[in-house]
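Observations on chain architecture
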Amino acid sequence: RENSITADENKPKASNSGPVASQRYPTLSPDIATFTMLTNYAARMRDLSLAVDMAQRVKHFGVRADDIYITALVRAYCAVGRVSVALHITATTCKDRPSALSLLRDLGLKDGHSDEPVLDSTGVGISIRILNALLKGVLDEKGLPGMTLITRLMRDVGLQPNEETIEVLMSYLTSQEKVSP
């Protein structure tokens, strides 16, 4: 019996002198990649309330957004037909480009928007990812004239359409072909 251990002896004993849970396990802070994954999920599920909740948590935790997160947020708003909010979010990435803002106004950007999530997008510039996410919503809302404006916007900010741009356009054209008589 001296060398045997009973089941009760194997269990950790509660004591006031042992390490506190936070000392044993590091406190995890969410990062922008976590919020991006959840926001992309919200976009796929067309769950705007989850996307908005993620935006609020990004602000609450003081996490700085990047262009990949902004893309996910634009995608979420476009997925539910809220292109006007997606335009405002996109506008935050090109505040210092009057010609880009003018093209966004041509797409429907209006001054002031109460539904826009408040994010720290300091240092996040416009990217092809963001514009491709916006393109899907713009095509659904404005059709091919919207594509023309998006490609002008790309050119204006020095970006080139990429494979994803072509995929979004081809997907739109395929969906229109199915709808047409």
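Below is a short write-up of the structure. Quick caveat, the model's predicted, so the values are computed rather than measured. (Residues numbered from 1 in each chain as written. Predicted model: local features only at pLDDT ≥ 70, side-chain atom pairs only at ≥ 80, totals over all residues. Heavy atoms only, no water.)

Quick look at the environment of Q176 now. With respect to the helices and strands, the residue Q176 is situated in helix α10 (residues 163–179). Exposure remark for Q176: the relative accessible area of 32% places this residue in the partly exposed category. Counting along the chain gives 33 residues from Q176 to G143, while the straight-line C-alpha distance between them is 9.4 Å. (Helix = DSSP H or I, 4+ residues; strand = E, 2+ residues; numbered from the N terminus. Buried < 20%, exposed > 50% of the residue type's maximum accessible area, 1.4 Å probe, protein only.)

As a further point, take unusual backbone geometry. The phi dihedral of R46 falls on the positive side, at around 55 degrees, and the residue is not glycine. Along the polypeptide, R46 turns up in the loop between α3 (32–45) and α4 (48–60). Looking at R46, the relative accessible area reads 56%, which means it is exposed.

The next thing to look at is the packing of aromatic side chains. Each aromatic ring pair is characterised by the separation of its centres together with the angle its planes make. Scanning the entire structure with this criterion turns up 1 aromatic pair. Measuring from ring centre to ring centre gives 6.4 Å for F35 and F61, while their planes differ by 35 degrees; the resulting arrangement is tilted. Of the two residues, F35 sits in helix α3 while F61 sits in the loop between α4 and α5 (67–79), which places them 26 residues apart along the sequence. F35 gets classed as buried once you look at its relative accessible area, which sits at 3%. (Phe/Tyr/Trp six-rings, centres within 6.5 Å; stacked < 30°, edge-to-face > 60°.)

This next bit is on the packing of helix α7 (residues 98–107) against helix α9 (residues 144–156). For the pair α7 and α9, the least separation of the axes is 10 Å and the interaxial angle reads 170 degrees. One finds that α7 runs roughly antiparallel with respect to α9. Contacts between α7 and α9 involve S99, A100, L103, L104, D106 and L107 from the former and G146, L149, I150, R152, L153 and D156 from the latter. Residue composition of the contact of α7 with α9, by class: 7 nonpolar, 2 polar and 3 charged. (Axes fitted to C-alpha atoms, helices over the stretch in contact; angles between N-to-C directions. Parallel < 35°, antiparallel > 145°, perpendicular 65-115°, else oblique. Contact = heavy atoms within 4.5 Å. Nonpolar A, V, L, I, M, F, W, Y, C, P; charged D, E, K, R; others polar.)

What follows is about the packing of helix α6 (residues 83–91) against α7. Contact geometry of α6 with α7 gives a least axis separation of 10 Å together with a crossing angle of 180 degrees. Between α6 and α7, the crossing angle belongs to the class labelled roughly antiparallel. Residues L87, T90 and A91 of α6 touch α7, and the partners they reach there are L101, L104 and L107. Along the lines of polarity and charge, the residues of the contact of α6 with α7 split into 5 nonpolar, 1 polar and no charged.

What follows is about the pattern of salt bridges. For side chains of opposite charge, pairing can occur when their charged atoms come near one another. Taken as a whole and judged by the stated rule, the model has 3 salt bridges. With a closest N to O distance of 3.0 Å, D53 and R57 form a salt bridge. Taken together, the residues D53 and R57, both in helix α4 and 4 residues apart, mark about one turn of the helix. Of the charged contacts, one joins K136 and D140 as a salt bridge, the two residues approaching to 3.6 Å between their closest N and O atoms. (Salt bridge = Lys/Arg side-chain N within 4 Å of Asp/Glu carboxyl O.)

Attention shifts here to the nonpolar core. In terms of nonpolar packing, the biggest core is built from 51 residues, with Y69, I70, V74, L104, L131 and L134 touching the most fellow members. When residues in this core are grouped by element, the largest group, 8 residues, is from helix α8 (residues 128–142). Beyond its immediate stretch of four places on either side in the chain, L131 contacts T90, I126, I150, L153, M154, V157 and L159. (Core = buried A, V, L, I, M, F, W, Y, C linked by side-chain atoms within 4.5 Å.)

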